[in-house]
Amino acid sequence: MNYIGSKLSLIPFIDSVIKKVCGEHLKDAVFCDLFAGTGIVGRHFKLSAKKIIANDLEYYSYVLNRNYIGNHQPLDNADDFIDALNQLPPMKDGFIYENYSEGGSGDRLYFSSHNGKKIDAVRTQIEMWHSSGEISADMYFFLLASLLESADKVANTASVYGAFLKKIKKSAQAPIEIKPAAFSVNDTNHDVYQEDANQLIGEIRGDILYLDPPYNSRQYGANYHLLNTIAIYKPFEPQGKTGLPDYNRSQYCGKKTVQRQLDQLIREAEFPYIFLSYNNEGLMSLDDIKTTFEKYGKYALYQSEYRRFRADREERRSHKSSTTTEYLHVLVKE
């Protein structure tokens, strides 16, 4: 899934710094990914750490992490359920088709007509199976994650859902195919939350705390609102041209509030090692973060350049550089 702030390309950098600071072997470590997003970082450390704690305020993120992190044992007949979903006929007059698809009354081109109807059919069937007790919670989130990722692949957007394209692009014309969201298997139970990070931090503890909060004023609840809508699948009155629902607003997206939020989080964290990913286009400066971290222990800074995420033409106009610098701020808390 294309995702703002995704750390997929930075995993080798993050892994090397964490192991340099904490040691090569993490088998006894509890690793917390507090702003998990699509779960890329937690998924990487799932097989090497003792336990993963994953959290994100957005429900679509909870679904993905509940599958990729929370599921850790094989699911019986998973392929059969995926096959059954792919064989479903498109559904008429469903919520996604009517409000977010070509031909729907909402006049929003997030999906082709066929794909909107198929998403409705698949989402409705998953809920029916779950409500009737035919599938477990583990299977439910596996199927939901599979739907979200498959729907994202045929979305008629420039990677985020803040706007749709005026015409259905070639990749969005392809009929949706539900592909399994395969997860790593191990013998460890992991914890997955959907909480405000600054509230959850007082309720958890561990060894390594990895922080990847929003960098700028763009709210994830708005940029990925349609994934939440598919995941939650409860009718509401879509607002405006893009069909926004009410959505969560993070104080990490505000220039006046972000540093206060970070300070509170670091102060209350019961983790000896804290790592913060932040780039050179963020709301906080290097000095802002350094000042906060140095209040609570020994501070170090690492950096790496990578190709920047460009979601739309506005992004291309605003930032001429094709690369950005990712900083990994490190605190050994005292």
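To be clear, the structure that these remarks concern was listed above.
Because the structure is a prediction, the values reported are computed rather than measured. (Residues numbered from 1 in each chain as written. Predicted model: local features only at pLDDT ≥ 70, side-chain atom pairs only at ≥ 80, totals over all residues. Heavy atoms only, no water.)

**Quick notes on the pairing of strand 7 (residues 323–333)**
Among the 11 residues of strand 7, nine are classified as buried, and the element is accordingly described as predominantly covered. Looking at chain direction, strand 5 (residues 273–279) and strand 7 are connected through seven bridges and run antiparallel. When the bridges of strand 7 are listed, I274 appears paired with L331. (Buried < 20%, exposed > 50% of the residue type's maximum accessible area, 1.4 Å probe, protein only. Helix = DSSP H or I, 4+ residues; strand = E, 2+ residues; numbered from the N terminus. Pairing = 2+ DSSP bridges.)

**Here we look at the environment of Q199**
Residue position: Q199 is located in helix 9 (residues 197–200). With 66 residues separating them in the primary sequence, Q199 and L265 have C-alpha atoms 8.6 Å apart.

**Some words on the nonpolar core**
One finds F31, F111, L143 and Y224 to be the most contacted residues of the largest nonpolar core, which totals 77 residues. Residue contributions to this core peak at 10 residues, all from helix 7 (residues 137–153). Look past the residues within four positions of Y224 in its chain and what remains in contact with it is N2, Y3, I4, Y60, S159, V160 and Y161. Core analysis: the second largest hydrophobic core is formed by 29 residues, L34, L211, L262 and F271 among them. (Core = buried A, V, L, I, M, F, W, Y, C linked by side-chain atoms within 4.5 Å. Contact = heavy atoms within 4.5 Å.)

**A look at the pairing of strand 4 (residues 208–211)**
Here strand 4 shows a buried face lined by I208 and Y210 and a second buried face lined by L209 and L211. Note: strand 1 (residues 30–33) against strand 4, three bridges, orientation parallel. When the sheet's bridge partners are listed, F31 is paired in strand 4 with I208. In this structure, strand 4 lies alongside strand 5, joined through four bridges in parallel fashion. When the bridges of strand 5 are listed, L209 appears paired with I274.

**Overview of the pattern of salt bridges**
Here the structure, examined in full by the defined rule, presents 10 salt bridges. Of the charged contacts in the structure, one is a salt bridge between K7 and D212, with a shortest N-O distance of 3.1 Å. Here K7 is found in the segment before helix 1 (11–22), whereas its partner D212 is found in the loop between strand 4 and helix 10 (220–223), with 205 residues between them in sequence. For K7, a relative accessible area of 3% corresponds to the buried category. The buried category is assigned to D212, whose relative accessible area is 16%. For K7, the salt bridge goes to E326, with nearest N and O atoms at 3.8 Å. Placement of the pair is K7 in the segment before helix 1 and E326 in strand 7, with a sequence separation of 319 residues. Pair check on accessibility: K7 and E326 agree, each one buried. Each of K7, D212 and E326 takes part in a single network of salt bridges with overlapping partners. (Salt bridge = Lys/Arg side-chain N within 4 Å of Asp/Glu carboxyl O.)

Read these as layout, nothing more, since geometry by itself doesn't imply function.
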